[in-house]
Amino acid sequence: MNSPTPSTSAAAGGATPRKFQNFIAGKWCDSVTGETYENHSPANWKDIIGTFPRSNEEDVDRAVKAARKAFKTWRLVPAADRGNIFQRMGDLMVKHKEDIAREMTREMGKVLKETMGDTQEAIDTAYYAFGESRRLFGHTVPSELPNKNCMTFRMPIGVAGLITPWNFPSAIPAWKSFPALLCGNTVVFKPASDTPATAVRLVELLLEAGVPPDAVNIIHGSGRKVGIPLIEHPEVDLISFTGSSEVGRDISSRAGARLKRVSLELGGKNPQIVLDDGNLDLALEAALWGAFGTTGQRCTATSRLIIQAGVHDKLVDMLKNATNKLRCGDGLDPKTDVGPLVNEAQRDTVESYVKIGLDEGAKLVCGGERDTSPQCANGWFYRPTVFAGVTPEMRIAKEEIFGPVLSVLKVKDFDEAIAVANNVDYGLSSSIFTQDVNRAFRAMRDIEAGITYINGATIGAECHMPFGGVKDTGNGHREGGWTVYEFFSEIKTIYVDFSGTLQKAQIDNY
Ligand code: UN1
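Residues numbered from 1 in each chain as written. Predicted model: local features only at pLDDT ≥ 70, side-chain atom pairs only at ≥ 80, totals over all residues. Heavy atoms only, no water.

Draft legend 1. How the structure looks around the packing of helix 3 (residues 97–108) against helix 6 (residues 196–209). Packing of helix 3 against helix 6 brings their axes to within 8 Å, and their N-to-C directions diverge by 155°. One finds that helix 3 runs roughly antiparallel with respect to helix 6. Between helix 3 and helix 6, the residues in contact are Asp-99, Ile-100, Met-104 and Glu-107 and Pro-196, Ala-197, Thr-198, Arg-201 and Leu-205, respectively. Partitioning the contact of helix 3 with helix 6 into residue classes produces five nonpolar, one polar and three charged. (Axes fitted to C-alpha atoms, helices over the stretch in contact; angles between N-to-C directions. Helix = DSSP H or I, 4+ residues; strand = E, 2+ residues; numbered from the N terminus. Parallel < 35°, antiparallel > 145°, perpendicular 65-115°, else oblique. Contact = heavy atoms within 4.5 Å. Nonpolar A, V, L, I, M, F, W, Y, C, P; charged D, E, K, R; others polar.)

The following block contains the structure:
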């Protein structure tokens with residue numbers, strides 16, 4: 001939770017902070033607990049974004065019951081009509097794109113160019129949902145018996161519990177809730193407690209676009225008080241979660257014990273490989289963007305740079321010069337390259353990993369400290385950090401840090417690069433810089449990851465492509481693209497017999 005250390009009794013400028021509410025059963029309301037928490041801007045502790053309900057399992061129960069009731073009618077609305085709502089949603093988000101992005105930067109810190117991108121990803125997801133509404137295909141298949149047809153339909157499942165992170169406060173809730181609703185499910189949404197205001201904005205726009213009020217519910221609060229009751233509620237049919245592997249494991253076991261469908265999008269330790277024949281200028285740009293974009297707080301962030309020996313020293317030198325020039329500051333300031341960490345705990349984690357790296361004997365190339373520039377005085381800023389001389393068994397080479405820390409590993413050849421890339425428990429994104437088509441294709445085949453970029457950064461997935469990872473990064477589902485529609489619907493198989501006789505499969509025809 002984004003609570004400040006210094007005293008912050010008033011919002012910047014003295015204005016009373018906005019009081020945000022839950023949206024349950026078609027009404028904006030406080031939690032039954034009556035308790036609230038404040039959320040502060042990570043770039044400036046004195047700026048209070050608003051107060052938000054600290055909800056509990058009673059709020060969850062009311063929301064799930066409303067969503068269950070709404071499911072009865074929403075599931076019967078023609079998919080194309082549901083789709084039209086997402087066309088309007090896309091149009092509304094286009095109209096409000098800049099305000100949404102500005103509020104998002106204020107709320108979670110990343111620079112405006114990136115929050116505009118985050119909002120654009122949600123817009124693209126809305127228009128994609130509109131298109132998919134007319135493409136929820138099933139199959140028609142010949143029967144093994146005469147005068148009989150076989151086919152499948154995609155059916156809505158029920159109530160979807162969506163638990164989302166703070167690093168993509170528009171895009172990730174959009175890429176879960178739009179397909180969930182489009183497929184005819186209803187939604188109970190628990191946003192991250194660091195980005196509740198962006199989540200409220202999304203729900204307001206969904207309502208304005210025409211989603212029926214009790215088909216979408218939002219509940220603010222902690223994972224323990226809201227997330228767990230949502231996962232365990234008997235009337236929630238499916239869960240979609242993006243966050244850490246540790247929390248994902250817990251969700252999986254709770255959902256598994258109740259035989260619920262669950263999609264998990266978890267951690268990463270994403271490698272960018274640069275071979276001797278790679279374009280170094282592009283590789284540098286990609287590494288900076290991949291490692292320090294969103295202040296390194298992406299599941300897809302580049303956290304390992306695996307460089308072949310022939311270009312290692314040169315690229316590390318280029319990286320050092322370029323990283324030292326990056327300016328930290330408020331993401332709304334056009335001069336800023338890198339915003340703050342989202343909260344104090346996140347900065348503490350980064351600091352502790354830098355200490356671990358130093359203790360393990362890695363060589364600090366640059367960064368490794370808080371940013372003490374005047375514009376960083378009241379926020380959770382940390383200098384973009386590069387470690388060289390990192391070996392595959394070090395913790396900074398294996399564990400997800402979720403901050404602006406890049407570990408550089410030197411390798412002798414392509415085979416070693418792939419072996420090092422695969423030497424982690426995660427497998428979300430990956431990239432390789434090479435001009436050699438044979439090596440590029442071997443990398444596509446051999447890197448253990450859900451996503452591989454050839455001559456690109458590890459970040460920047462497009463909304464119409466499957467998104468997700470292997471190993472501890474997930475449980476086999478893919479968000480984004482056509483595949484997320486498979487998660488949010490289930491297949492019903494239909495047999496139509498027009499023979500006028502009772503035909504018995506496997507008996508009458510043999
Ligand atoms: C995440 O890293 O948590 O590919 C999501 C990207 C974005 C989504 C990232 N489109 O970097």
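Draft legend 2. Representation of the domain arrangement of the chain in the model. Assigned domains within the chain: domain 1 (58–266 + 474–491) and domain 2 (270–454). One C-alpha centre belongs to domain 1, the other to domain 2; they are set 31 Å apart. Counting from both sides, the interface comprises 17 residues of domain 1 and, opposite them, 21 residues of domain 2. When the two sides are added together, the surface that domain 1 and domain 2 hide from each other amounts to roughly 1500 Å², 62% of it contributed by carbon and sulfur. When the area that domain 1 buries against domain 2 is broken down by residue, the three leading residues are Val-111, Glu-114 and Trp-166, summing to 31%. Here domain 1 and domain 2 share one salt bridge between them. Among the secondary structure elements, those contributing two or more residues to the side of domain 1 that touches domain 2 are helix 3 and helix 4 (112–132). (Domains from an automatic or database assignment. Buried area = accessible area lost by both parts, 1.4 Å probe. Salt bridge = Lys/Arg side-chain N within 4 Å of Asp/Glu carboxyl O.)

Draft legend 3. Spotlight on the side chain of Ser-407. Here Ser-407 lies in strand 17 (residues 405–411). On the basis of relative accessibility, which here comes to 0%, the residue Ser-407 falls in the buried class. A distance of 2.9 Å separates a polar atom in the side chain of Ser-407 from the backbone oxygen of Ile-396. Setting aside residues up to four positions removed in sequence, Ser-407 forms contacts with Ser-303, Arg-304, Leu-305, Phe-387, Val-390, Ile-396 and Ala-397. (Buried < 20%, exposed > 50% of the residue type's maximum accessible area, 1.4 Å probe, protein only. Polar contact = N/O pair within 3.5 Å; in protein donor to acceptor, adjacent residues only side chain to side chain.)

Draft legend 4. Highlighting the pattern of salt bridges. Applying the stated criterion across every chain yields a total of 30 salt bridges. With a shortest N-O distance of 3.6 Å, Glu-235 and Arg-68 are connected by a salt bridge. Taken together, the positions of Glu-235 in the loop between helix 7 (223–232) and strand 11 (238–242) and Arg-68 in helix 1 (residues 57–74) put the pair 167 residues apart, joining distant regions of the chain. Taking relative accessible area as the criterion, Arg-68 reaches 24% and is therefore assigned partly exposed. A salt bridge links Glu-114 to Arg-298; its shortest N-O distance comes to 3.3 Å.

Draft legend 5. Up close: a nonpolar patch on the surface. A surface patch of nonpolar side chains, amounting to about 370 Å² of accessible area, comprises Val-437, Phe-441, Met-444 and Ile-454. It is helix 14 (residues 437–446) that contributes the most residues to the nonpolar patch, three residues altogether. Tracing the chain through its elements places Met-444 in helix 14. Classification of Met-444 as partly exposed rests on a relative accessible area of 39%. (Patch = residues over 30% accessible without salt bridge, like charges linked within 9 Å, V, L, I, M, F, W, Y side chains within 5 Å. Areas by Shrake-Rupley, 256 points an atom, 1.4 Å probe, with all protein chains shown as cover.)

Draft legend 6. Representation of empty space enclosed by the protein within the structure. A full pass over the atoms with the stated rule returns four cavities of 30 Å³ or more. There is about 100 Å³ of room inside the largest cavity. Lining of the largest cavity is provided by 15 residues; of these, Gly-296, Ala-301, Ser-303, Ile-401 and Phe-402 occupy positions nearest its centre. Each residue belonging to the lining of the largest cavity can be placed in one class, and the counts come to six nonpolar, six polar and three charged. Reported here for the second largest cavity is a volume of approximately 60 Å³. Pro-271, Arg-304, Tyr-426, Gly-427 and Glu-448 are, among the 16 residues lining the second largest cavity, the residues nearest its centre. Classifying every residue of the lining of the second largest cavity gives seven nonpolar, five polar and four charged. (1 Å grid on protein atoms, 1.4 Å probe; cavity = no way out; pocket = protein on both sides within 12 Å on 5 of 7 lines; lining within 4 Å. Points joined across faces, edges and corners; volume = space filled by probe spheres on them.)

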